[in-house]
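# Close look at the chain arrangement
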Amino acid sequence: MDCVKQALLVGGYKNVINRLMIKKLLLSFSILLLLSSLSAQQLSDRAWARADSLLGQMTLDEKVGQMTLFTSDWVVTGPTLRPGYRDDILAGKVGAIFNAHTSEYNHQLQKMAVEETRLGIPLLFGYDVVHGYRTIFPIPLGESASWDLQGIEQTARIAAVEASAAGLNWTFAPMVDIARDPRWGRVAEGAGEDTYLGSLISAARVRGFQGQNIGDENTILACVKHYAAYGAAQAGRDYNTVDISDRTLREIYLPPFKAAKDAGVYSFMTAFNDVDAVPCSGNSYLLQDILRKEWGFQGMVVTDYTSINEMVPHGIVANNAEAATLAVNAGVDMDMQGAVYYDYLAKQVKEGLVSVETVDQSVRYILALKYELGLFDDPYRYGSKEREAEEVFSQAHLNVALESSIKSLVLLKNERGALPISASKSIAVVGPLADNKAEMLGNWFGDGRADDVITPLMAFRAIGADVYYAKGCETSGEDESRISEAVVAAEQADIIVAFVGESGYMSGEAASRSDITLPGPQRALISALEATGKPLVLVLMNGRPLDLSWEVAHCDAILEAWFPGTMGGPAIVEVLMGEANPSGRLPITFPRSVGQVPIFYNAKNTGRPFDANNKYTSKYLDVENTPLFPFGFGLSYAEITYGKPVLSKTEFSASETVKISIRVTNTGDVATTETVQLYVHDLVGSVTRPLKELKGFQQVTLAPGATQQVEFEIGVNDLAFYTRDMTWKAEPGDFEIQLGPNSRDVQTATIKLTD
Ligand code: GLC
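Note that this is a predicted model, so its numbers are computed, not measured.

Basis of the calculations
- Note on numbering: residues in each chain are counted from 1, in written sequence order.
- The model is predicted, so local features are restricted to residues of pLDDT at least 70 and side-chain atom pairs to those at 80 or more, both for listing and for counting; the totals for chains, interfaces and linings are taken over all residues.
- Water and hydrogen atoms were dropped before computing side-chain values, which therefore reflect all heavy atoms in the structure.
- Put simply, DSSP marks the helices as runs of H or I at least four residues long and the strands as runs of E at least two long, and each gets a number from the N terminus on.
- The reference for a compact globule is 2.2 Å times residues^0.38; the radius of gyration itself is calculated from the C-alpha atoms.
- Whether two residues are in contact is decided by their heavy atoms: any pair within 4.5 Å suffices.
- All accessible areas in this document rest on Shrake-Rupley with a 1.4 Å probe, and a residue is counted as covered only by the protein chains that are shown.
- When charges are counted, neither His nor the chain ends are considered; positive counts come from Lys and Arg and negative counts from Asp and Glu.
- Every charge is mapped onto a representative atom, which is NZ of Lys, CZ of Arg, CG of Asp or CD of Glu.
- The criterion for strand pairing is that DSSP finds at least two bridges linking the strands in question.
- Residues with no salt bridge and a relative accessible area higher than 30% make up the patches, which join like charges within 9 Å and nonpolar side chains (Val, Leu, Ile, Met, Phe, Trp, Tyr) within 5 Å.
- Basic side-chain nitrogens of Lys or Arg form a salt bridge, by our definition, when they fall within 4 Å of a carboxyl oxygen of Asp or Glu.
- To sort residues, take the accessible area from a 1.4 Å probe on protein chains only and compare it with the maximum for the residue type: under 20% means buried, over 50% means exposed, and anything in between is partly exposed.
- Throughout the structure description, domain borders are defined by an automatic or database domain assignment.
- By buried area we mean how much accessible surface two parts lose on assembly, using a 1.4 Å probe and totalling the loss over both.
- Two N or O atoms count as a polar contact when they lie within 3.5 Å, although within protein this holds only if one can serve as hydrogen donor and the other as acceptor, and sequence-adjacent residues are included solely when both atoms are side-chain atoms.
- Ten residues, namely Ala, Val, Leu, Ile, Met, Phe, Trp, Tyr, Cys and Pro, are considered nonpolar, four, namely Asp, Glu, Lys and Arg, are considered charged, and the remaining ones, Gly among them, are considered polar.
- The arc refers to the directions leading from the helix axis to the C-beta atoms.
- One heavy atom within 4 Å of a molecule or strand is enough for the residue carrying it to be called near that molecule or strand.
- Residues grouped as a nonpolar core are buried Ala, Val, Leu, Ile, Met, Phe, Trp, Tyr and Cys residues, joined through side-chain atoms within 4.5 Å.
- Whenever a helix is involved, its axis is fitted only over the stretch in contact; in every case the axis is a line through C-alpha atoms, and angles between N-to-C directions fall within 0 to 180 degrees.

Regarding its fold elements, the protein chain presents 23 helices and 29 strands. At 26 Å, the protein chain has a C-alpha radius of gyration in line with the 27 Å of a compact globule built from 755 residues. Dimensions along the principal axes, computed over C-alpha positions, put the protein chain at roughly 75 × 65 × 50 Å. Long-range contacts, defined here as pairs at least 24 residues apart, represent 78% of the contacts in the protein chain between residues at least 6 apart. Carbon and sulfur atoms make up 50% of the accessible area of the protein chain, which amounts to about 26800 Å² in all. In the protein chain, which carries 65 positive and 92 negative side-chain charges, the distance between the mean positions of the two groups comes to 2 Å.

Pasting the structure below:
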C-alpha cells in the first residue's frame with residue numbers, strides 16, 4: 001500500500017483496504033461482469049402471460065394509469081408526494097413514480113399501490129442514477145475517458161446495487177447521445193463524439209445496471225436515452241432542432257441505441273427534439289419502423305419530461321389531446337409527468353381516436369417488465385434498511401470510485417518536468433475548484449452529497465503535503481480582488497497547482513454555452529500566477545471540452561479531471577504526486593476555438609482539403625483546421641514508442657480477415673496503461689467516407705522497458721457502411737489502416753478488400 005493511498009483512505013473513512021484487496025475486488029467484479037455479458041435480457045413467456053391475465057381484469061382507467069409516470073418531490077424534511085398524486089396512486093391512476101428514493105419512503109408508496117388499490121399492481125420507481133447513486137463516479141464523459149469497459153460496467157453495477165437498496169428499480173440511464181458540439185451542455189452526460197466507443201460504453205452500462213438477471217434484487221431496469229439524435233441539436237443549443245440525413249442518423253447517432261437494445265435494455269426514453277421535422281415522442285419512424293420492426297425491441301418506451309405536451313409548441317399538434325393521440329399511436333407507452341394520457345387517453349379510446357389494442361400493447365410492455373423485476377412475486381423486494389446501511393456508500397464502493405476517477409484523468413500537457421510533483425516540494429493549491437465539494441459531483445448526481453466529497457485540498461493535506469491555499473477567484477463574475485491572495489500563496493511555494501474550470505450548473509441539461517473558454521476571472525488568475533515564474537499546473541474540472549488555446553500557452557501542465565466525483569480529490573492528488581500514472585484518453589475533440597465547432601476526428605476530406613499553398617481550399621483565415629487536442633489524445637508519465645504495423649496479408653476477400661499487429665514499448669521508467677487505437681479509412685466509396693473511423697482499441701499495461709505485441713483483426717463486417725442506396729455493406733477497394741496512441745499520431749498500412 002503506497003503512503004498516498006493509505007493516508008487518503010484513512011482520512012474520513014474507516015478501514016483502509018490496501019491496493020491488493022482492491023485488485024481482488026476488481027477481479028471478482030470482472031468475473032461477475034463477464035458472466036453478465038453472456039445474457040441479453042428477453043421478456044419471458046411467463047411475463048407476457050401474467051400481463052395478459054391482468055389486462056383482462058383492468059378497466060380502461062386502470063390501463064391508462066399504468067401509462068402514467070409522476071414525480072415525487074423532495075423538501076427540507078425529506079421526500080414528499082403531492083396530495084393529488086397520492087389519491088391517483090390509490091385510484092390506480094399512476095403506474096410509476098420517479099425521484100422517490102430511500103427504502104422507507106418507497107415502501108410506503110408501494111404499500112399504497114399494492115395493498116390499497118383494486119388490483120394491487122406494484123409501482124415502478126425510477127430515478128436519474130447516471131454516474132452513481134450515493135457513491136458518485138466521474139461524470140459519464142469523464143468516465144468514458146478511461147476507455148475501460150469493464151470499469152464502466154462495474155461502476156454501473158455498483159450504482160444499481162446502491163439504488164436498488166434504496167428502493168429504486170429503474171434508472172434513466174445510460175445517456176448515449178453522440179455529441180460533436182461542446183457548446184451543448186449535455187455532452188457531459190454521454191460518452192463523447194465517437195459511435196464505436198459510444199456503442200461499447202452504452203452496452204457496458206446497460207449490462208452493469210441490469211446485471212445477469214433483472215429479477216435480482218440488486219439490479220435495476222436501464223433506460224437508454226434520449227432517443228434519438230438529441231446530441232445533434234443545431235448550434236449546440238439544448239432542445240433545438242435536429243436536421244440530419246437518414247444516413248447520418250443511422251451511421252452516427254443510432255448505433256449506441258442499437259447496442260443498448262442488443263445488450264438487453266428494457267426501456268427507451270424519447271428525446272425532446274424533432275428529427276427530420278417530427279418530434280421524437282410522436283415519431284413513428286423512430287418508434288415503430290426502426291425500434292420495433294427493424295430492431296425487434298420488446299421493452300417499454302417512456303417519454304422525457306412532458307415531451308408529449310411539448311409537441312404543441314413544436315407545432316405538430318394543436319393541443320394536448322392531439323398530442324396524446326399522436327404519441328400513443330406512434331408507440332409511446334408511458335408519459336413522464338405530462339399527464340396527457342391521464343387527461344385524454346381513455347376518452348380518446350371511447351371516441352375511437354385510439355384503439356384499445358394500442359393501449360393494451362403499451363400496458364402489456366409495462367406489466368411484463370414489472371413481472372420480470374419480480375414485483376408481482378414480492379413488491380417489496382427493492383429497498384431494505386439493512387442493505388442501505390451495508391451496501392450504500394460502502395468502503396469497497398469508494399475504492400472503486402477512486403480507481404474509476406484515476407482512470408478518467410487525461411494529461412493534456414506536461415513540460416518543464418512539472419509533473420509528477422516531488423513529495424519534497426511545497427505546493428500552492430489555488431483556484432475556485434481546489435476545495436469545492438459540491439462542484440466535484442458535476443450534474444445528475446443522484447443522492448450524492450457534497451459532504452461525502454474529498455476535495456483536492458483535503459487530499460493534499462491528508463498526505464501531509466506542504467500546502468499554501470488560496471481560492472483566488474470564483475468560476476463566474478468579474479471579481480479579481482482576491483487573486484492577489486493566490487499570488488501570495490504561489491510566491492511561498494515551489495510549484496503552483498491551479499484548480500479551474502466550470503461550475504457543475506454550467507453543463508448538463510439546459511446549459512449550452514456560446515463561449516467555451518474558462519468562465520469568470522480565471523484567466524486573470526492564471527495570468528497572475530504565471531507572472532510569478534513558478535511552475536504552473538492547471539487542473540481542469542469541467543463538463544465539456546473547453547477552448548484552452550490561451551491556457552496551453554500560459555502554463556506548464558494541464559490535467560483534465562472533468563467532474564471526478566466523490567473520490568476525485570484523492571484521485572487527482574495520486575496522479576499529481578506520481579502515485580498513479582495518468583492513462584485517460586479524450587473521448588471528444590478539444591477545439592482551438594468555438595468557431596471551429598463542430599469539429600470531430602471522423603470528418604470528411606472534402607473536394608478541397610486544406611493545402612497551405614492553395615488559398616482556395618477548406619480552411620479558416622484566422623485559426624488552423626486542426627483541433628487543440630484530438631480525439632483519443634492523452635499523455636502519461638511513461639514514454640511509449642510504437643513499431644511499424646505488420647499485416648498478415650495485404651489483400652483479403654469478404655470471407656477472410658486481416659490480422660494487424662504492432663509492437664508497443666514502454667521506454668520510460670514508470671508503468672503505464674496504453675490505449676492502442678486502430679482506425680480505418682475507406683479510400684474510395686460509393687459515398688464520401690470519413691478520413692478515419694475508430695474500429696478497435698486495446699489497453700495494454702506496460703512495465704518500464706516492457707514491449708508488447710498488440711493484435712487486431714479486421715474483417716468485412718468492420719468495413720460496412722450505408723452505401724449509396726443505403727444498403728449496409730462493405731465495398732471492395734483499398735483501406736488505410738491507422739494505428740497509434742490517438743487519432744492524429746498514427747502509422748499507416750494499406751489493405752485491399754477484393755470482393
Ligand atoms: C430531464 C432529462 C432526462 C431525465 C428526465 C427525468 O428533463 O432530459 O435526461 O432522465 O428529465 O429527470
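Ordered in space as β21-β29-β28-β23-β24, the 5 strands form an open sheet in which the pairing is mixed. What marks the edges here is a single partner per strand, and that holds for β21 (651–652) and β24 (693–702). Summarising the sheet, strand β23 (residues 672–682) and β24 pair through 9 bridges and their orientation is antiparallel. Bridge pairing links Val680 to Glu693 in β24.

This part covers a negative patch on the surface. A cluster of acidic residues, Asp216, Glu217, Asp377 and Asp378, forms a negative patch at the surface. Summarising the element assignment, Asp377 is placed in the loop between α16 (356–372) and α17 (385–391). Taking the relative accessible area as the measure of exposure, Asp377 reaches 61% and is therefore exposed.

This brings us to the domain arrangement of the protein chain. Entries for the protein chain in the domain assignment read domain 1 (45–386) and domain 2 (640–753). Between the C-alpha centres of domain 1 and domain 2 there is a distance of 37 Å. Each partner contributes residues to the interface: domain 1 has 12 residues there, and domain 2 has 15 residues. On the domain 1 side of the contact with domain 2, Trp147, Tyr196 and Arg247 bury the most area, a combined 59% of that side's loss. Run the count over domain 1 and domain 2 and you get 5 residue pairs in polar contact (both at pLDDT 80 or more). Elements supplying a minimum of two residues to the side of domain 1 that touches domain 2: α9 (195–210) and α10 (246–253). Residue classes in the side of domain 1 that touches domain 2 are distributed as 5 nonpolar, 1 polar and 6 charged.

All buried positions along helix α5 (residues 83–90) are accounted for by Tyr85, Asp88 and Ile89. One side of α5 holds all its buried residues, which, seen down the axis, span an arc of 100°. As for α5, its buried residues are in contact with β1 (68–71), β4 (96–98), α6 (103–115) and α15 (340–350). Where α5 terminates, the next one or two residues include Gly92, which has phi positive at roughly 70°.

Applying the stated criterion across every chain, the model contains 38 salt bridges. One salt bridge connects Asp360 with Lys63, and the closest N-O pair in it is separated by 2.8 Å. With Asp360 in helix α16 and Lys63 in helix α4 (residues 60–66), this residue pair connects regions lying 297 residues apart in the sequence. Counted as one network, the salt bridges with shared partners bring together Arg186, Glu189 and Glu509.

For the rest of this paragraph, the subject is the site of the ligand. Taken together, 13 residues form the shell around the ligand, and within it Asp128, Arg186, Lys225, His226 and Asp304 come nearest. Between the ligand and the protein, one listed contact pairs an oxygen atom with a side-chain N or O atom of Lys225 at 2.8 Å. A distance of 2.7 Å separates an oxygen atom of the ligand from a polar atom in the side chain of His226. Surface burial for the ligand is 94%, taken as the share of its 310 Å² of free accessible area covered by protein chains. Here the residues of the shell around the ligand are counted per class, giving 7 nonpolar, 1 polar and 5 charged.

Moving on, we come to the nonpolar core. In this structure, Trp170, Tyr227, Phe499 and Leu576 are the most contacted members of the largest nonpolar core, which totals 202 residues. With 8 residues, the single largest contributor to this core is α16. Grouped together as the second largest cluster of nonpolar side chains are 22 residues, Val680, Ile714, Val716 and Leu753 included.

Turning our eyes to something else, we now look at the sheet that holds strand β18 (residues 557–560). Two pairing modes exist for strands in a sheet, parallel and antiparallel, and in both the strands are linked by backbone hydrogen bonds. Taking strand neighbours across the sheet as the criterion, the 6 strands line up as β13-β18-β17-β16-β14-β15 in an open arrangement whose pairing is mixed. Edge strands, defined here as strands with exactly one partner in the open sheet, are β13 (410–414) and β15 (466–470). Each strand axis lies, on average, 20° off the axis of its neighbour in the sheet, ignoring direction. As defined by bridge partners, strand β14 (residues 426–430) adjoins strand β16 (residues 495–501) across 4 bridges and the pair is classed as parallel. Residue pairing in the sheet places Val430 in a bridge with Ala498 of β16. Against the sheet, helix α20 (residues 483–492) contacts β14, β15 and β16, and its axis sits at roughly 165° relative to β15. Packed onto the sheet, helix α23 (residues 568–576) meets β16, β17 (536–541) and β18 and runs at close to 150° relative to β17.

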